[in-house]
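# Report on the structure
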Amino acid sequence: MKQLFLTSSPFTQPGKALNDRNKFVERLSACSRRKALMITSDPSDTGFTEEFSGAIRFTMELSGIVFDDYSVLDGRNKEHADELVRASDFIILAGGHTPTQNAFFNEIGLRESMKDFDGTVFGISAGSMNCADVVYAQPEDEGETEDPAFVKFLSGLNLTKAMLIPHYQDIKDRILDGKKLFEEVTYPDSIGRQFIAICDGSYLYSDGITEKICGEAYLIKDGSIRKICDAGQEYTI
C-alpha cells in the first residue's frame, strides 16, 4: 500500500534530527525502508544532488531512520530510472526548483514508473508539489511572473490531486517582480481551483486510503484564503 509524506520542509536546523511535529517521525519510522532512492530536482547539478542526498540521509539517521540500501537518481544514471524505481520501496523526492524537477520527471517517465509503486514516497518542497496530478508551479525566481513562456500548471506524478504550496510562513508576504506573490499572483490563479499552503513542519499524509493534512495549513480557493488546520491537528481532504 502506497504511503505519502509530502512535506514543506522536514528539517529543523543543520546537524539536527527531523522535525518530529505532527507525528511525522513516528509515522515515517513505521514504514518499510529496505531500499531507498533519492531523486534529484536538478539532474545536471551533481554537487547539489550529492549534498542534498547526503544531508537528508544523515538527518534521517539522526532520527533513527536507517536504510539497508540508499541510491541516487539524477542525470548520470537516468537511463536506468524505471528499474531503479521498481527496485525501491522508499522514494525521496528532493526539494529545489519545481519546473526544473518537473521537466526531469517527465524526461525519465517517472509518472508512468510510479503508477504501480507500492512503497513510501517522501516529498520535500518541490518534490511534494510535483506529486500532484496537475502541479501549480508558483513563481519563485525573479522574472517568472512576467515571463509569458513561464508555465504555472504542469503535469505531475498523479500521486495526489492536492496542489501544495510549501514554506507558507516564509513566503506569504513575499514581493516578486514588484508584485505581492499571493495577493496578485496566486489568489487570481486559484479562481476555479484550490491550493493548499503548508508551513514547515506540516505535511500531507496518505495511507493509501485517505489523505490528510497534518499541521498548520491554509486553503486558497477562488481568490480567497482560510486556515484549515493548526499545529497538532489533522484535516482530511
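Scroll up to find the structure.
Figured I'd write up the structure that's included with this text.

Attention now goes to the pattern of salt bridges. Once their charged atoms are close, side chains differing in charge can pair, the charge on each being opposite to the other. Applying the stated criterion across every chain, the model contains 14 salt bridges. If you follow the salt bridges from partner to partner, you end up with Arg-27, Lys-212 and Glu-234 in one network.

Here we come to the environment of Lys-212. By the element assignment, Lys-212 lies in strand β13 (residues 211–214). Once the C-alpha coordinates of Lys-212 and Gly-96 are considered, the two residues, 116 residues apart in sequence, prove to be 24 Å apart. Residues within four places of Lys-212 in sequence aside, it is in contact with Arg-27, Tyr-203, Leu-204, Tyr-205, Glu-234, Tyr-235, Thr-236 and Ile-237. Within the local environment of Lys-212, its side chain forms a polar contact with the side chain of Glu-234, the two groups lying 3.3 Å apart.

This brings us to the sheet that holds strand β11 (residues 194–198). Taken together, four strands build an open sheet; the order of strands is β8-β11-β14-β15 and the sheet is mixed. Sheet topology places β8 (164–165) and β15 (224–229) at the edges, where each strand pairs with a single neighbour. For strand β14 (residues 217–221) and β15, the ladder comprises five bridges, and the chain directions are antiparallel. Following the sheet pairing, Ala-217 is matched in β15 by Cys-229. Helix α8 (residues 181–189) contacts β8, β11, β14 and β15 of the sheet and is inclined by roughly 70° relative to β14.

In this section: the pairing of strand β4 (residues 90–93). Every other side chain in a regular strand lies on the same face of the sheet, so the side chains alternate between the two faces. Alternating residues of β4 divide into Phe-90 and Ile-92 and Ile-91 and Leu-93, and every residue in both groups is buried. The pairing of strand β2 (residues 35–39) with β4 spans four bridges and is parallel. Bridge assignment links Ala-36 to a residue of β4, and that residue is Phe-90. The sheet contact formed by β4 and strand β5 (residues 120–124) spans four bridges and is parallel. Its bridge partner lying in β5, Ile-92 is registered against Phe-122.

This brings us to unusual backbone geometry. Even without a glycine there, the phi angle at Ser-125 is positive, about 55°. Within the secondary structure layout, Ser-125 lies in the loop between β5 and α6 (126–129). For Ser-125, a relative accessible area of 11% corresponds to the buried category. Of note in the backbone geometry, Asp-177 takes a positive phi value of approximately 55° without being a glycine. Note that Asp-177 resides in the loop between β9 (175–176) and β10 (179–180).

Rules of the game
- Residues numbered from 1 in each chain as written.
- Predicted model: local features only at pLDDT ≥ 70, side-chain atom pairs only at ≥ 80, totals over all residues.
- Heavy atoms only, no water.
- Salt bridge = Lys/Arg side-chain N within 4 Å of Asp/Glu carboxyl O.
- Helix = DSSP H or I, 4+ residues; strand = E, 2+ residues; numbered from the N terminus.
- Contact = heavy atoms within 4.5 Å.
- Polar contact = N/O pair within 3.5 Å; in protein donor to acceptor, adjacent residues only side chain to side chain.
- Pairing = 2+ DSSP bridges.
- Axes fitted to C-alpha atoms, helices over the stretch in contact; angles between N-to-C directions.
- Buried < 20%, exposed > 50% of the residue type's maximum accessible area, 1.4 Å probe, protein only.

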